[in-house]
Structures are given as structure tokens and as C-alpha cells.
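Each chain, written out:
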Amino acid sequence: NGRYVFLDFYIKELKLNIEYNGDIWHANPKIYKKDDKPIPFNDKTSEDIWKSDKEKINLLERDFGIKTIVIWESDKKPISELLNIIKKHE
């Protein structure tokens, strides 16, 4: 449909996308309520941001068969844990 989708980290061989979501930019639901506006210079609510992120993930899965793993900024997972997550999708 002419829409560009940017991926944070894509592993082609596994058809796996890893999204590293910033807590503010993606309105971490552990921090923000649905009506909050976490980005100071933007009028989008948390719910708007979540909807947009979900549409992206659904598009990747439905149209391209790409699975997505979301990692939140505040989770601070060590590299070894991330590698285990990736291995589960091999």
C-alpha cells in the first residue's frame, strides 16, 4: 500500500524481527495508561501508539510471515537472554 515499515533488527534466515521499544516512544504499558500522551511534542495517546505498533506487527506476520519479538527499554535484558529468545525461534 506504499507504506514503509522500518525494523529495528531483522534476521532474514529466521524471518524474525526484534523490536527494541523505547518506554516513552512506544508508551510502555507498564508505565503509561491508555489516555496518557507520553511524547511531549506529539498529541498521540498511548492507545494510538499501541494500535500503530500492533498494526505493524500484524502486517509483518500476515503479509510477510515475519515473527516479531518486542523488547522494552526498561527490561534491560542481557545479551545471553536475548540469544536464548532468538534460538527459540530457529
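Look above for the structure.
Here goes a summary of the coordinates provided. (Residues numbered from 1 in each chain as written. Predicted model: local features only at pLDDT ≥ 70, side-chain atom pairs only at ≥ 80, totals over all residues. Heavy atoms only, no water.)

## Digging into helix α1 (residues 46-64)
Then step 1. The first and last C-alpha atoms of α1 sit 27 Å apart over 19 residues, in line with the 27 Å expected at 1.5 Å per residue.
Then step 2. Inspection of α1 places S46, I49, D53, K56, L59 and L60 among the buried residues, and these make up the whole buried set. Burial along α1 is one-sided: seen end-on, the buried residues are contained in an arc of 160°. Turned more than 90 degrees off the buried face of α1, the exposed positions are K51, K54 and R62.
Then step 3. Taken together, the buried residues of α1 touch β2 (16-21) and β3 (67-72). (Helix = DSSP H or I, 4+ residues; strand = E, 2+ residues; numbered from the N terminus. Expected span 1.5 Å × (residues − 1). Buried < 20%, exposed > 50% of the residue type's maximum accessible area, 1.4 Å probe, protein only. Arc of directions from axis to C-beta. Contact = heavy atoms within 4.5 Å.)

## Observations concerning the side chain of D53
Then step 1. Note on placement: D53 falls in helix α1.
Then step 2. Nearest to the buried, unbridged D53 among oppositely charged side chains is K56, at 6.4 Å. (Lys, Arg positive; Asp, Glu negative; His and termini not counted. Salt bridge = Lys/Arg side-chain N within 4 Å of Asp/Glu carboxyl O.)

## Examining unusual backbone geometry
Then step 1. Of note, K15 is a non-glycine position whose phi angle comes to about 50°, a positive value.
Then step 2. Take K15: it is sitting in the loop between β1 (9-11) and β2.
Then step 3. K15 gets classed as partly exposed once you look at its relative accessible area, which sits at 38%.
Then step 4. Here the phi dihedral of A27 falls at roughly 55°; this positive angle occurs in a residue that is not glycine.
Then step 5. Its location among the elements puts A27 in the loop between β2 and α1.

## Thoughts on the environment of R3
Then step 1. With respect to the helices, strands and loops of the structure, R3 is situated in the segment before β1.
Then step 2. Leaving out residues up to four positions away in the same chain, R3 has contacts with S52, E55 and K56.

## Here's the deal with the side chain of T45
Then step 1. Inspection of the secondary structure puts T45 in the loop between β2 and α1.
Then step 2. Residue classification places T45 among the buried positions, given a relative accessible area of 16%.
Then step 3. Setting aside chain neighbours within four positions, we find T45 in contact with K34, D35, D36 and K37.

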